[in-house]
Amino acid sequence: MTVKHHLTDDLLMAYSVGDLPEAVNLIVATHISLCDECRAALEAYEALGGAVLDTCDSVALSETSLTSVLDMIHTQDNAIVVNDRSAPAKDSVLPTPLADYVDGGLENVKWRSVGMGVKQAVLNTSSEASARLLYIPAGTAIPDHGHKGMELTLVLQGAFQDEDGYFGRGDIEIASEDVHHTPVADISEDCICLAVTDAPLKFKGLVPRIAQPFLGI
Amino acid sequence: NGTQSQIAEWVDELVRVRDQRDEAAFIRVFQHFGPRVKAFLMRTGMDAALAEECAQEVLVTVWNKAHLYDASRASPSTWIFTIARNKKIDVLRKQKRPEPEDLPWGPEAEPDQADVLGLQQESEQLGRALRDLPEKQRELIEKAYFGDLSHSEIAEQTGLPLGTIKSRIRLALDRLRHSLK
Ligand SMILES: [Zn+2]
Ligand SMILES: [Zn+2]
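Below: a short report on this structure. What you see is a predicted model; the values in this text were computed from it and never measured.

### What about the overall build of chain A?
Piece 1. Scanning chain A for helices and strands turns up six helices and 11 strands.
Piece 2. With 217 residues in all, chain A has 56% of them scored as buried.
Piece 3. Long-range contacts, defined as pairs at least 24 residues apart, comprise 65% of the intrachain contacts of chain A with a sequence gap of at least 6.

### Here's the deal with the coordination of the zinc ion (ligand 1)
Residues and elements named next belong to chain A.
Piece 1. Only His-6 (ND1), His-31 (NE2), Cys-35 (SG) and Cys-38 (SG) from the protein coordinate the zinc ion (ligand 1), and they sit 2.1 to 2.3 Å from it.
Piece 2. Seen from the zinc ion (ligand 1), its four donor atoms lie at angles of 95 to 128 degrees, and the figure they make is tetrahedral.
Piece 3. Read from N- to C-terminus, the donor residues coordinating the zinc ion (ligand 1) fall into the pattern H-x24-H-x3-C-x2-C. With His-6 in the segment before helix H1 (9-17) and His-31 in helix H2 (residues 22-34), the pair connects residues that are 25 residues apart, well separated along the chain.
Piece 4. Residue classification places His-6 among the partly exposed positions, given a relative accessible area of 27%.

### A look at the pattern of salt bridges
Residue and element names in this part refer to chain B.
Piece 1. With the rule as written, the count across this model stands at 13 salt bridges over all chains.
Piece 2. Between Arg-28 and Glu-13 there is a salt bridge; the shortest N-O distance is 2.7 Å. Of the two residues, Arg-28 is situated in helix H2 (residues 23-43) and Glu-13 in helix H1 (residues 2-20); the sequence distance between them amounts to 15 residues.
Piece 3. Arg-28 gets classed as partly exposed once you look at its relative accessible area, which sits at 35%.
Piece 4. Since its relative accessible area comes to 8%, Glu-13 is described here as buried.
Piece 5. A salt bridge links Lys-38 to Glu-52, with the nearest nitrogen and oxygen atoms 2.9 Å apart. Here Lys-38 is found in helix H2, whereas its partner Glu-52 is found in helix H3 (residues 48-64), with 14 residues between them in sequence.

### Regarding the interface of chain A and chain B
Piece 1. Counting residues at the interface gives 65 residues for chain A and 69 residues for chain B.
Piece 2. The contact between chain A and chain B buries some 6300 Å² in all, and 60% of this surface belongs to carbon and sulfur atoms.
Piece 3. If you look at where chain A meets chain B, you find three salt bridges.
Piece 4. Linking Glu-43 of chain A and Arg-73 of chain B is a salt bridge whose minimum nitrogen-to-oxygen distance equals 2.5 Å.
Piece 5. At the surface where chain A touches chain B, the tally comes to 17 residue pairs in polar contact (both at pLDDT 80 or more).
Piece 6. Listing elements by their share of the side of chain A that touches chain B, those giving two or more residues are H1, H2, helix H3 (36-55), helix H4 (65-76) and helix H5 (96-99) of chain A.

### Regarding the packing of aromatic side chains
Piece 1. Under the defined criterion, the tally for this structure stands at eight aromatic pairs over all chains.
Piece 2. Ring plane angle 20 degrees and centroid distance 5.1 Å describe the contact between Phe-160 of chain A and Phe-167 of chain A, whose orientation is recorded as stacked.
Piece 3. A relative accessible area of 3% means that Phe-160 of chain A is categorised as buried.
Piece 4. Residues Phe-40 of chain B and Phe-81 of chain B carry aromatic rings whose centres are separated by 5.8 Å and whose planes lie at 80 degrees to one another, so their mutual orientation is edge-to-face. Remark: Phe-81 of chain B occurs in helix H4 (residues 76-93) and Phe-40 of chain B occurs in helix H2; sequence separation between them is 41 residues. Accessibility assignment for this pair places Phe-40 of chain B and Phe-81 of chain B in one class, buried.
Piece 5. The rings of Phe-40, Phe-81, Tyr-145 and Phe-146 of chain B are connected pair by pair, giving a single aromatic cluster.
Piece 6. We note Arg-21 of chain B situated over the ring of Trp-63 of chain B; from NZ or CZ to the ring centre the distance is 4.1 Å.
Piece 7. Taking NZ or CZ as reference, Arg-97 of chain B lies 3.7 Å from the ring centre of Tyr-15 of chain A, over its face.

### Thoughts on the pairing of strand E5 (residues 151-157) of chain A
All names here are of chain A.
Piece 1. Burial analysis of E5 places seven of its seven residues in the buried class, the great majority of the element.
Piece 2. Across four bridges, the pairing between E5 and strand E8 (residues 172-175) is antiparallel. Each residue of the ladder has a partner; that of Leu-152, found in E8, is Ile-174.
Piece 3. Pairing of E5 with strand E10 (residues 191-197) involves six bridges; the strand directions are antiparallel. Bridged to Thr-153 within E10 is Ala-195.

### Looking at helix H5 (residues 113-132) of chain B
Piece 1. Taking 1.5 Å of rise per residue, 20 residues should cover 28 Å, and H5 of chain B covers 29 Å from first to last C-alpha, within 8% of that figure.
Piece 2. Here H5 of chain B has its buried residues at Asp-115, Val-116, Gly-118, Leu-119, Gln-120, Glu-122, Ser-123, Glu-124, Leu-126, Gly-127 and Leu-130 of chain B.

Cut-off values and rules
Residues numbered from 1 in each chain as written. Chains lettered and ligands numbered in written order. Predicted model: local features only at pLDDT ≥ 70, side-chain atom pairs only at ≥ 80, totals over all residues. Heavy atoms only, no water. Helix = DSSP H or I, 4+ residues; strand = E, 2+ residues; numbered from the N terminus. Buried < 20%, exposed > 50% of the residue type's maximum accessible area, 1.4 Å probe, protein only. Contact = heavy atoms within 4.5 Å. Donors = N, O, S within 2.8 Å, 3.2 Å for Na, K, Ca; no water. Tetrahedral: all angles 85-135°; square planar, octahedral: opposite > 155°, others 65-115°. Salt bridge = Lys/Arg side-chain N within 4 Å of Asp/Glu carboxyl O. Buried area = accessible area lost by both parts, 1.4 Å probe. Polar contact = N/O pair within 3.5 Å; in protein donor to acceptor, adjacent residues only side chain to side chain. Phe/Tyr/Trp six-rings, centres within 6.5 Å; stacked < 30°, edge-to-face > 60°. Lys NZ or Arg CZ within 6 Å of the ring centre and 35° of its normal. Pairing = 2+ DSSP bridges. Expected span 1.5 Å × (residues − 1).

Below, the structure written as structure tokens:
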């Protein structure tokens, strides 16, 4: 699998620092699960975090802190599972961070129809940004729309095409305010995406305007 | 060369904690990193008492998760930074943090010694580059990591050698994936 559309350095750095809303963390973690290129870039930013930790001052811990910490590791030590390296059963479409949000796998997603065969499932995250899974039948177009804020779309199955290019599994499209696009699902397979937005999208044209409340974004 | 051997030293201590559950090594890790983690958490906006409590929990996590430490992908400071950062998100944002899927671990998960050494050298180079930055630029980066500022393209602006470390990690990931086939 070759991922062609990646996260920006901005997003990777903010993720490494821990500055992003939960929904954005989710899509970043899901992309990284599918992309070694961005995983390596993230770990480089974490290396910078380590260097910052090294250079920052130190503040003495309280005198009892070592005793407390040793107490903690002693009282719980027997309970630790030392080998949790065996991977849990995996969903072939949803990487682990995403599977955690839908109780396991694709078959547990609670889809709601939003018209034209398109279905969505809003995921439960903090309210600063919203995350939802989209199911777009092969060959179907999402109405032409612009964005009030940032929209991130990560392909999990199938592919879609829009004015910005062709997006297959693992590819992420980062659409900002100035982007106007009409994503069309590839004809070969139904398309499943994770979409994250930090502000309501603005649809233009009558049908899309009706569609917006259903999309609930 | 002092700092480079220091990184290697902390790798040894962490590996002792990981493989032998060596408590004396853990105490040395605690005494070195505990005060730094506390300072870091205070800079992210915690008061001294909360930072103290969280720093203790971070070090307990170091003990509990030592079996996940991989010296070919992170220096000890880097690994402990990620634990402290997650603690910060947990406490200040009251959110769980979605983490990338763990790479599948095969029977040959033992990292290549060349990867381990290469990463140590590049971590040392990065640390030196950070210390050598003009005061203002270093403050900018520190602010980003303490959460005071989310600044784009800091790395490019300051010319830090992030690219080398990224290629190094990429190489280690490729090798890991390859060993699974
Ligand atoms: Zn990527
Ligand atoms: Zn859009």
